[in-house]
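# Understanding the architecture of this molecule
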Amino acid sequence: MNQYDDEIEAARSGWGAPLPITVNSLTADAVLFGPESRLCGWSLRAVTAGGAVVARIRSGGTAAGQVLGVIALAAGASETITLNEGGLRAEGGLFIEVDSGTLEGVVYARFPQ
């Protein structure tokens, strides 16, 4: 056991397994999921024709929400990020803010059961 075991267990109870939210040729800001959720990770690629990608995943369902993750990829590059078991709490939903480029792939999140 470590100091975070209780926090991880609290995050898991009442929440389903991580599910993928598909991102297809995303070039503009978008709400990924409206109600409360937990960001668990992502596997995203910068579409070559769209150039380099700069984006942020935020909580709160708007561009004013707290930044939970930053994505910066060269054209054609990809990254897969896995966050802690419980995920990062996103009150009010998940929002992706795209500054430049075109993204495709999936964002993984847990939702209340």
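Below: a short report on this structure. Computed from a predicted model, the values in this text were never measured in an experiment.

### Examining the overall build of the protein
Helices and strands together make up the secondary structure of the protein, namely one helix and nine strands. Order of helices (α) and strands (β) in the protein, N terminus to C terminus: α-β-β-β-β-β-β-β-β-β. For the protein, buried positions account for 41% of its 113 residues. A sequence separation of at least 24 residues applies to 82% of the contacts in the protein between residues at least 6 apart.

### What to know about unusual backbone geometry
Unusually for a residue other than glycine, S25 sits at a positive phi of about 45°. Locating S25 in the fold gives a position in strand β1 (residues 19–26). The exposure class of S25 is partly exposed, given its relative accessible area of 48%.

### Some thoughts on the pairing of strand β3 (residues 37–46)
The element β3 is extensively covered by neighbouring structure, given that eight of its 10 residues are classed as buried. Across three bridges, the pairing between β3 and strand β7 (residues 88–90) is antiparallel. Paired with S37 across the two strands is A90, which belongs to β7. Sheet analysis places β3 next to strand β9 (residues 103–110), joined by eight bridges and oriented antiparallel. Pairing of R38 across the sheet is with R110, part of β9. Pairing of β3 with strand β6 (residues 78–82), which is carried by five bridges, proceeds in the antiparallel orientation. In the strand pairing of β6, S43 is matched with T80.

### Observations regarding the pattern of salt bridges
By the definition in use, this model includes six salt bridges. Close ionic contact of R45 with E104 constitutes a salt bridge, the shortest N to O distance being 2.6 Å. Separated by 59 residues along the polypeptide, R45 in strand β3 and E104 in strand β9 bring together distant segments of the chain. Here E104 falls in the partly exposed class, since its relative accessible area comes to 27%. Each of R56, R58, E97 and D99 takes part in a single network of salt bridges with overlapping partners.

Rules used in this analysis
Residues numbered from 1 in each chain as written. Predicted model: local features only at pLDDT ≥ 70, side-chain atom pairs only at ≥ 80, totals over all residues. Heavy atoms only, no water. Helix = DSSP H or I, 4+ residues; strand = E, 2+ residues; numbered from the N terminus. Buried < 20%, exposed > 50% of the residue type's maximum accessible area, 1.4 Å probe, protein only. Contact = heavy atoms within 4.5 Å. Pairing = 2+ DSSP bridges. Salt bridge = Lys/Arg side-chain N within 4 Å of Asp/Glu carboxyl O.

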